[in-house]
Amino acid sequence: MSGFEYILQQVINAVSLGSLYALVAVGLSIVFGVLKLTNFAHGDVMMVGAFTTVLLIGIGMPFIPALICGIIGAAFAGFLIERIAYRPIRNAPDVTRLLTSLAVTYILENFGILVFSSSPRNFPLPPALNDSWQLLDGAITFTNINILTLALTLVSLIGLGWFITRTTLGLGMRAASEDMAAAQLVGLDVNRLVIVAFVVASAFAGLAGVLWAAQAGVVQPQMGFTPLLKAFVAAIIGGFGSIEGALVGGFILGALEIFIVAFMPDAITPYRDAIVFSLLIAFLLFRPGGLLQPNREIKL
Amino acid sequence: MARLIISGVVVALLAGVAFGAPSLMSDYFVRILLIIALNSIFVLSLSLSNGFTGVFSLGHVGFIGAGAYLSGILSLTVAQKASLLPHLPAFMNWFSLPFLPATLVAGAFTAVLAIIVGYPLMRLSGYFVSVATMGFLIIVNVVLINASDFTRGARTFTGVPLDTSLPWVFGWLAVTLFVLWRLVYSPFGRRMKAVRDDTIAASAVGIDMLKTRLTAFAIGAFFAGVGGSLFAHYLGSFSPVTFYFAMTMNLIAMLVLGGMGSLSGALIGVICVSLLSELLRSVERGFTIGHITIPALFGASQIVLGFIFILIMIFRPKGIMGERELTFGFFRRSAKSQIKQGEV
Amino acid sequence: MNEPALLNVQDLQVRFGAVRALKGISLNVKQGEVVALLGANGAGKSTTLRTISGLSRPSAGDVFFAGRSIATLPTSQIVRLGIAQSPEGRRLFGSLTVAENLRLGSCTRTDAEEIAADTERMFSLFPILRERRPQLAGTLSGGEQQQLALARALMAAPKLLLLDEPSLGVAPLLVKHIFAALAELKRQGVTMLLVEQNMKLALQLADRAYVLRTGSVVLEGSSGELLSDDRVAQAYLGAAS
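Residues numbered from 1 in each chain as written. Chains lettered and ligands numbered in written order. Predicted model: local features only at pLDDT ≥ 70, side-chain atom pairs only at ≥ 80, totals over all residues. Heavy atoms only, no water.

A.B. asks: Any details on the overall build of chain B? Residues and values, ideally.
C.D. replies: A tally of helices and strands in chain B yields 15 helices and two strands. Radius of gyration (C-alpha) of chain B: 21 Å, near the 20 Å computed for a compact globule of 344 residues. Expressed as lengths along the three principal axes of its C-alpha atoms, the size of chain B is roughly 60 × 60 × 45 Å. Put simply, chain B has 344 residues, and 52% of those count as buried. (Helix = DSSP H or I, 4+ residues; strand = E, 2+ residues; numbered from the N terminus. Rg over C-alpha atoms; globule rule 2.2 N^0.38 Å. Buried < 20%, exposed > 50% of the residue type's maximum accessible area, 1.4 Å probe, protein only.)

Spelled out as structure tokens, the structure:
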């Protein structure tokens, strides 16, 4: 395999990983934009989506309808979480809300372990999706799942773009992210916006969860934790609270991780996650608004 | 004078329990007592930054783990080091430290680590410092897993001599309590609380924000490292995942339940959560009432604890004690009384 | 004339923590009137408007709009009932375009044709906005932003328009233009409650005015009376009155 082919393969991997990070990061950013809350339970919403799909496929539903149901299930889970855990503390200090968010994820993960046991289950991928394509005499491989991931990511992002520029609710969400008081002054209903934000964000998480599990081949209750943390870093890199930032951050992080694994010496590769989180700290210190929003947030 | 006598009696009582308990009580209860005392050290050290200085660190367990591993490595015999950690660098593999020095070195190491890490991080504001310290926890975890020459990586680290006993833990707990008590209810302690309550006003009166936060962070880390060493010599074997998010959530729950701005609150929180956990865990195994059998539901205790935590966040975020201390009227050292006594 | 006032503020008290921002404000605005709220910085004028719009909750007292108590209603409902505000500092959505800001202004309405007609009316009243239509609101100048803020509030087709400091940060020439537009709106019958530091402009537009000082009403009267009253200036300067 020549150098060029190797690079191309890594680009494909990076795009695939970046799409997943972008999907999760978008949901995190949407919720943070409207509520100024970091929803750590977002990862568990991914898990709900994945498990719903797996269970439905298990009882015979074909893949696409099961995927859609998984997304709906995740959206519903997000709605419930907001209603039960976050609304009562909406005006509480930041630390309280952060802790509540951690508690929710703790509960959901343990609940998942209780119901499903912590050992991984196979993700029943339809054979068609496992078909791989080979280019350049087998030097480059990608499977239908990679294609599906990219396609669904693009479709949902385009849909989201339409939603936030053409509909009043979508515009309202952007407005509320920027200035909640002004959004109220034009008559927007805060509760409704928050619900919409959570439902949309959770739907994205659900889709990401199914795709993630499909690519990994397994589901387990703790599956959402690592993607959540990574997506969080991605969102911070791009600019937390901004949808474009989440996109940019997601793909940058995907590229960075693949780069570290594929091109860095073996001594460094296992420290990939340490590098990623050092990057997080660096951004928090020097560029808290992310790449797209240089002037944000106060320090000491 | 009365104070001195009472304290003397209390100390004697505790010493009696510490030395006498193993022969009088079952292993199970001794273990519970030990864990409660150990967790108390953890939570007290956590409260210094999180409760009193307003820096809500999510990375405390990173210090605990670092302390545990360092102390563990130092305590292995030379022979153990040769077999378990064959690639340990030369400057470390020719000696073995006894319990107390290993513990002190661990504490010193984590304190220095805290100063290095805290120097940039303590400038961040509330939400960001929590997130950044969480990043620190993750980084420590990754390093522990990958620096296998030192830590055996993700495999179990074993062989640490089981030196931790009730007297040791009670002793260190007493030291921790004493140091923190003196610190929190002193002029420095008032500076900490000023930094927590109103950062703008604090800097306006000339308090050095960074230094105050950093000091609290580092002292907290010292006792975290000490506690980590004690924990290592209690467990004997452990792995990086021991010192990660599950432990973090556990300590935070204890801190918050008891009340973040109170030392006695920290102790109360530890006792309550520990007892509650034990109770729930025994229920978890399933039981029978009359004709009804409740099956085993492992993990349910964590779920219940999680819900209780959320309820506290909603209804009583200040915890049981809030910022008051349980002093039985013998030590009037709350902030209000300090003002009344004209010390402020 | 004993018709009931459109807006009736009764003994409104607002506190922020230990600070009493409003110590018992009473005022009213009748249908078709323009009423001005005058006073120095910190007198409580903006707090009054915020409370009427529901962004702050009173600790005592009440606000009646068209006979209905609105002091405990959420802001979005108050807007739906017919009160819109062009807030202090304009509070535009800088990352949204002029057109999107206007669209959000009308988000409580459902009559698409009327909304389109009103949008046209806004562009006639403030021609510069038509030019800037696809631009991000954050890139507009101070005066243009003020016009947009006004237009956005008007897009709600409000029965009562609250204006908070429309002249602040706006070049003098544009201030004249804005107040000319306000005069035209008054001629069309729009009811307004105007907070304004520029006393002269405010009293030229308004029918009546109240003067606030440290949270209480210290003077009220028709604009004619107040224009020639020394005590108004004194209230601003904080001299004993």
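A.B. asks: So what's going on with the interface of chain A and chain B? Which residues, and what values?
C.D. replies: Facing 38 residues of chain A, the contacting portion of chain B comprises 44 residues. Across the chain A to chain B interface the summed buried area is about 3600 Å²; carbon plus sulfur atoms make up 84%. At the boundary of chain A with chain B, the tally comes to zero salt bridges. Joining chain A to chain B, the criterion identifies two residue pairs in polar contact (both at pLDDT 80 or more). (Contact = heavy atoms within 4.5 Å. Buried area = accessible area lost by both parts, 1.4 Å probe. Salt bridge = Lys/Arg side-chain N within 4 Å of Asp/Glu carboxyl O. Polar contact = N/O pair within 3.5 Å; in protein donor to acceptor, adjacent residues only side chain to side chain.)

A.B. asks: Let's hear about the sheet that holds strand 8 (residues 191-195) of chain C: which residues, and what values?
C.D. replies: Residues and elements named next belong to chain C. Spatial ordering of the open sheet is given by 6-7-8-3-9-10, a layout of six strands whose pairing is mixed. With one partner strand each, in any of the chains shown, strand 6 (83-86) and strand 10 (216-222) form the two edges of the open sheet. This sheet shows a mean twist of 20° between the axes of neighbouring strands, independent of strand direction. The pairing of strand 3 (residues 34-39) with strand 8 spans four bridges and is parallel. (Pairing = 2+ DSSP bridges. Axes fitted to C-alpha atoms, helices over the stretch in contact; angles between N-to-C directions.)

A.B. asks: I'd like a description of the packing of aromatic side chains, backed by residues and values.
C.D. replies: This structure, assessed with the given rule, holds 28 aromatic pairs over all chains. Where Y6 of chain A meets F263 of chain A, the ring centres are 5.5 Å apart and the plane angle is 80°; that geometry is what we call edge-to-face. Taken as a pair, Y6 of chain A in helix 1 (residues 3-35) and F263 of chain A in helix 11 (residues 243-263) lie far apart in primary sequence, 257 residues in all. Look at F231 of chain B and F243 of chain B: their rings are 6.1 Å apart centre to centre, the planes differ by 80°, and that puts the pair in the edge-to-face class. In this pair, F231 of chain B is assigned in helix 11 (residues 209-235) and F243 of chain B in the loop between helix 11 and helix 12 (245-258), connecting sequence segments 12 residues apart. Accessibility assignment for this pair places F231 of chain B and F243 of chain B in one class, buried. Through successive ring pairs, a cluster of aromatic residues spans F42, Y69, F157, F231, Y234, F238 and F243 of chain B. (Phe/Tyr/Trp six-rings, centres within 6.5 Å; stacked < 30°, edge-to-face > 60°.)

A.B. asks: Provide a residue-level description of the interface of chain C and chain A, including the pertinent values.
C.D. replies: Each partner contributes to the interface: chain C provides 21 residues, whereas chain A provides 19 residues. Together, the buried faces of chain C and chain A total about 1800 Å²; carbon and sulfur atoms form 59% of this surface. For the pair chain C and chain A, the number of links is two salt bridges. Note that E100 of chain C and R174 of chain A form a salt bridge whose closest N and O atoms lie 3.8 Å from each other. Run the count over chain C and chain A and you get six residue pairs in polar contact (both at pLDDT 80 or more). Counting residues per element, the ones that place at least two in the side of chain C that touches chain A are helix 2 (75-81) and helix 3 (98-105) of chain C. When grouped by side-chain class, the residues that make up the side of chain C that touches chain A number eight nonpolar, eight polar and five charged. (Nonpolar A, V, L, I, M, F, W, Y, C, P; charged D, E, K, R; others polar.)

A.B. asks: How would you sum up the pattern of salt bridges? Please name residues and give values.
C.D. replies: Pairing is possible between side chains of opposite charge, provided their charged atoms come close. Across all of its chains, the model carries 19 salt bridges over all chains by this definition. R121 of chain C is paired through a salt bridge with D118 of chain C; the nearest N and O atoms lie 2.3 Å apart. Remark: D118 of chain C and R121 of chain C occur in helix 4 (residues 112-125); sequence separation between them is three residues, near one turn of the helix. What makes D118 of chain C buried here is its relative accessible area of 8%. For the salt bridge of K186 of chain C with D207 of chain C, the shortest nitrogen-to-oxygen distance reads 2.8 Å. Taken together, the residues span a long stretch of sequence, with K186 of chain C in helix 7 (residues 172-187) and D207 of chain C in the loop between helix 8 (199-205) and strand 9 (208-213) at a distance of 21 residues. Relative accessible area serves as the criterion here: at 30%, D207 of chain C is assigned to the partly exposed category. A network of salt bridges, in which partner residues are shared, links K230, E257, R272 and D273 of chain A.

A.B. asks: For helix 1 of chain A, give the residues involved together with the corresponding values.
C.D. replies: Residue and element names in this part refer to chain A. With 33 residues, helix 1 ought to run about 48 Å at 1.5 Å a step, and its terminal C-alpha atoms sit 46 Å apart, in line with that. Most of helix 1 is tucked away: 24 of the 33 residues are buried. Backbone geometry just downstream of helix 1 places K36 in the positive-phi region, at approximately 55°. (Expected span 1.5 Å × (residues − 1).)

A.B. asks: Any chance you could break down the sheet that holds strand 5 (residues 68-69) of chain C for me, citing the residues and the numbers?
C.D. replies: Residue and element names in this part refer to chain C. What the four strands build is an open sheet, ordered 2-1-4-5; its pairing is antiparallel. Only two strands of the sheet have a single partner each, and these edge strands are strand 2 (19-29) and strand 5. Two elements, strand 1 (residues 7-16) and strand 4 (residues 60-65), share five bridges in a ladder whose sense is antiparallel. Within strand 4, the position partnered with V9 by the bridge is V63.

A.B. asks: Break down the packing of helix 2 (residues 27-52) of chain B against helix 8 (residues 166-184) of chain B for me, with residues and values.
C.D. replies: All names here are of chain B. Contact geometry for helix 2 and helix 8: axes closest at 10 Å, N-to-C directions at 20°. As summarised for this structure, helix 2 and helix 8 are arranged roughly parallel, according to the angle between their axes. Considering the relative orientation of helix 2 and helix 8, their crossing is left-handed. Listed contacts from helix 8 to V30, L33, L34, A37, L38, S40, I41, L44, S45, L48 and F52 of helix 2 are L166, V169, F170, W172, L173, T176, L177, L180, L183 and V184. (Parallel < 35°, antiparallel > 145°, perpendicular 65-115°, else oblique. Left-handed = near helix turned anticlockwise from the far one by under 90°.)

A.B. asks: Tell me about the packing of helix 1 of chain A against helix 9 (residues 190-216) of chain A, residues and numbers included.
C.D. replies: Residues and elements named next belong to chain A. Between helix 1 and helix 9, the shortest axis-to-axis distance is 9 Å and the interhelical angle comes to 160°. In terms of orientation, helix 1 and helix 9 fall into the roughly antiparallel class. Seen along the crossing, helix 1 lies across helix 9 with a hand that is left-handed. Between helix 1 and helix 9, the contacting residues are S16, L17, L20, Y21, L23, V24, V26, G27, I30, V31, V34 and L35 on the first element and V194, A197, F198, V200, A201, F204, L207, A208, L211, W212 and Q215 on the second.

A.B. asks: I'd love a proper account of the arrangement of the chains, names of residues and values included.
C.D. replies: There are two pairs of chains in contact here; the most contacts are made by chains A and B. The closest approach of any C-alpha atom in chain B to one in chain C is 15 Å; the two make no contact.

A.B. asks: Talk me through the pairing of strand 7 (residues 160-164) of chain C; I want residue IDs and the actual numbers.
C.D. replies: A regular strand carries its side chains on alternate faces of the sheet. Residues and elements named next belong to chain C. Across the five residues that make up strand 7, a large majority, five, are buried. Note that strand 6 and strand 7 share four bridges and pair parallel. Across the sheet, A84 pairs through a bridge with L161, a residue of strand 7. Direction of pairing for strand 7 relative to strand 8: parallel, over a ladder of five bridges. The residue of strand 8 that forms the bridge with L161 is M192. For the crossover that starts at strand 7, traverses helix 7 and ends in the parallel strand 8, the hand is right-handed. (Right-handed = clockwise from strand over helix to strand, strands pointing away.)

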